[in-house]
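# Observations on the three-dimensional arrangement
Each chain, written out:
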Amino acid sequence: MERLSPQSEPRQPGPIRLAEPDAKPEIQQTVRPERIIIQAKDFSFYYGSKTGVEKITMDIEAGSVTAIIGPSGCGKSTFLRCINRMNDLIPNTQADGLLTVNGQNVYDKNTNLVNLRQQVGMVFQKPNPFAKSIYDNVAYGPRLQGIRRRSDLDAIVEQCLRDAALWEEVKEDLSKSALALSGGQQQRLCIARTLANKPKVILMDEPCSALDPLATARIEELIASLKGTYTIVIVTHNMQQAARVSDRTAFFCLGKLIEYGRTDVLFTNPAKKETEDYITGRFG
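None of the values given here were measured: they were computed from a predicted structure. (Residues numbered from 1 in each chain as written. Predicted model: local features only at pLDDT ≥ 70, side-chain atom pairs only at ≥ 80, totals over all residues. Heavy atoms only, no water.)

## Some words on the sheet that holds strand S3 (residues 65-69)
- Read across the sheet, six strands follow the order S6-S7-S8-S3-S9-S10 without closing on themselves; strand pairing throughout is mixed. Each having just a single partner strand, strand S6 (120-123) and strand S10 (256-262) make up the two edges of the open sheet. Averaged over all pairs of adjacent strands, the angle between their axes in this sheet comes to 20 degrees, without regard to strand direction.
- As paired strands, strand S7 (residues 201-205) and strand S8 (residues 231-235) are joined by five bridges and run parallel to one another. (Pairing = 2+ DSSP bridges. Helix = DSSP H or I, 4+ residues; strand = E, 2+ residues; numbered from the N terminus. Axes fitted to C-alpha atoms, helices over the stretch in contact; angles between N-to-C directions.)

In C-alpha cells, the structure reads:
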C-alpha cells in the first residue's frame, strides 16, 4: 500500500481547513506511542455473494483517532462493525484474511465475543440509551461484570459521566430517565455507558449525524479529551469533522481502501486521484 510522504510538496489545497491541534488533555493511563492495537491484513468481508470490503490492509495506533471517510455504501460501517464482530448478527456472512485487536485474531473460532465487545465498545449513529435512569444506564455494564457494592457503582458512574462531559449537567438528578435527555446528552450518555466497560477501543459510527451543530461540537470536544486514553475509530460523512478530530484518515471506495495516511497530508496532498476527486467534491 502506497504511503504518504509528509515531505512531499503540497498540491493546490482542497476545500478542507484543518483545525489547530488542541492541547493534549491529562489522561488516566498511558499508551505507548505508535503501538499497533488494530491490524487488518488482506481482510475481506462478504454478505453472502456480495462483497462488503475487500483486502483491507491497515494498522491503527493505540491512543489515536482514526477517521474513515468515503461515499455511501463504500464499506466504512462494514469494516467498523467487523472490529467487534457486530456483523455476526447478520446471517450468511463470511470473513477472510486477518483482523486483530491487541494481537488477537478477532475471527478466530475461540474468540470470546463478550470479552471482545468489552474491549471494543460501540457508539451508534442514533443515540440508543436504555429505557432506564441515567445512573442505571452507566451502571449496567459494571453490574453485568459482577460489581454490586453501591459505593463502587457510584464512583464508576460519576467518573464515566465526568469523562463523557455530562456529569455537571445531570449530577442533581441521576434517577431521571435517560430518554428525557436531549439528543446530544443521550449520545454522551451512551459514550459514558461504553466507558463504564473499560474498553481499549471505541468505535463510532456517524455519532453526530442525528445531532445539531452545538451538540456535534460537544461530541468532537469529547473525542479530543478521550484521545490518548482510548483508541477511537470514527466513521463520518463529514470531511470537515474528519479533518478536525482525527490523526489519520482512511478513504474507502467500492469496498476497497484507496488511501490511508496522516489526516493533514491526505486532505492537502492526496496521493490518489480518487481521493482528491472525493475531497474536492468531484464525486460522492
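After presenting the structure, the write-up continues.
## Observations concerning the pairing of strand S4 (residues 93-101)
- In this structure, strand S1 (residues 36-47) lies alongside S4, joined through eight bridges in antiparallel fashion. In the sheet register, Lys41 faces S4, and the bridge partner there is Leu98.
- By the bridge criterion, two bridges tie S4 to strand S5 (residues 104-105) in an arrangement that is antiparallel. Across the sheet, the residue bridging to Thr100 is Asn105, located in S5.

## Some words on the environment of Ala192
- Relative to the helices and strands, Ala192 resides in helix H6 (residues 183-195).
- Given the relative accessible area of 0%, Ala192 is considered buried.
- Considering only alpha carbons, one finds Ala192 and Ala164, 28 residues apart in sequence, at a separation of 5.3 Å.
- Apart from the residues within four sequence positions on either side, Ala192 is in contact with Val138, Cys160, Leu161 and Ala164. (Buried < 20%, exposed > 50% of the residue type's maximum accessible area, 1.4 Å probe, protein only. Contact = heavy atoms within 4.5 Å.)

## Thoughts on the sheet that holds S1
- Reading across the sheet, the four strands line up as S2-S1-S4-S5 and stay open at both edges, with antiparallel pairing between neighbours. Of all the strands in the sheet, just strand S2 (50-61) and S5 have a single pairing partner and so form its edges.
- Here helix H1 (residues 76-83) sits on the sheet in contact with S1, S2 and S4, set at roughly 120 degrees to S1.

## Quick look at the packing of aromatic side chains
- Enumeration over the complete set of coordinates arrives at seven aromatic pairs.
- Ring geometry for Phe43 versus Phe79: centroids 6.4 Å apart, planes at 65 degrees, classification edge-to-face. In this pair, Phe43 sits in strand S1 while Phe79 sits in helix H1, placing the two residues 36 residues apart along the sequence.
- With relative accessibility at 1%, the residue Phe43 sits in the buried group.
- Taken together, the ring pairs in this structure connect Phe43, Phe45, Tyr47, Phe79, Tyr107 and Phe252 into an aromatic cluster.
- Taking NZ or CZ as reference, Arg193 lies 4.1 Å from the ring centre of Phe130, over its face.
- It is Arg248 that lies over the ring of Tyr260; its NZ or CZ is 4.6 Å from the centre. (Phe/Tyr/Trp six-rings, centres within 6.5 Å; stacked < 30°, edge-to-face > 60°. Lys NZ or Arg CZ within 6 Å of the ring centre and 35° of its normal.)

## Let's talk about the pattern of salt bridges
- For the structure on display, the rule yields 15 salt bridges.
- Of the charged contacts, one joins Asp88 and Arg85 as a salt bridge, the two residues approaching to 2.8 Å between their closest N and O atoms.
- With relative accessibility at 14%, the residue Arg85 sits in the buried group.
- We note a salt bridge from Asp136 to Arg143, for which the minimum N-O separation is 2.8 Å.
- Its relative accessible area of 25% is what places Asp136 among the partly exposed residues.
- Judged by relative accessible area, Arg143 falls into the partly exposed class, the value being 28%.
- Through salt bridges with shared partners, a single network forms among Glu158, Arg162, Glu168 and Lys171. (Salt bridge = Lys/Arg side-chain N within 4 Å of Asp/Glu carboxyl O.)

## Let's talk about the side chain of Thr249
- With respect to the secondary-structure elements, Thr249 resides in strand S9 (residues 248-253).
- Judged by its relative accessible area of 0%, Thr249 is buried.
- Separated by 3.2 Å, the side chains of Thr249 and Ser246 make a polar contact.
- Looking at Thr249, its side chain comes within polar contact range of the side chain of Thr263, at 2.8 Å. (Polar contact = N/O pair within 3.5 Å; in protein donor to acceptor, adjacent residues only side chain to side chain.)

## Side note on the side chain of Glu259
- Residue placement: Glu259 occurs in strand S10.
- For the buried Glu259, which has no salt bridge, the nearest side chain bearing the opposite charge is Lys272, at an N-O separation of 6.9 Å.
- In terms of polar contacts, Glu259 uses its side chain to reach the side chain of Thr275, at 2.7 Å. (Lys, Arg positive; Asp, Glu negative; His and termini not counted.)

## Looking at H6
- Over its 13 residues, H6 runs 19 Å from end to end, which matches the ideal 18 Å to within 8%, given 1.5 Å per residue.
- The buried count for H6 comes to 12 of 13 residues, which makes it a mostly enclosed element.
- If you check which residues of H6 are buried, you get Gly184, Gln185, Gln186, Gln187, Arg188, Leu189, Cys190, Ile191, Ala192, Arg193, Thr194 and Leu195.
- Here the buried face of H6 lies against S6, helix H3 (134-144), helix H4 (150-163), helix H5 (167-170), S7 and helix H7 (213-226). (Expected span 1.5 Å × (residues − 1).)

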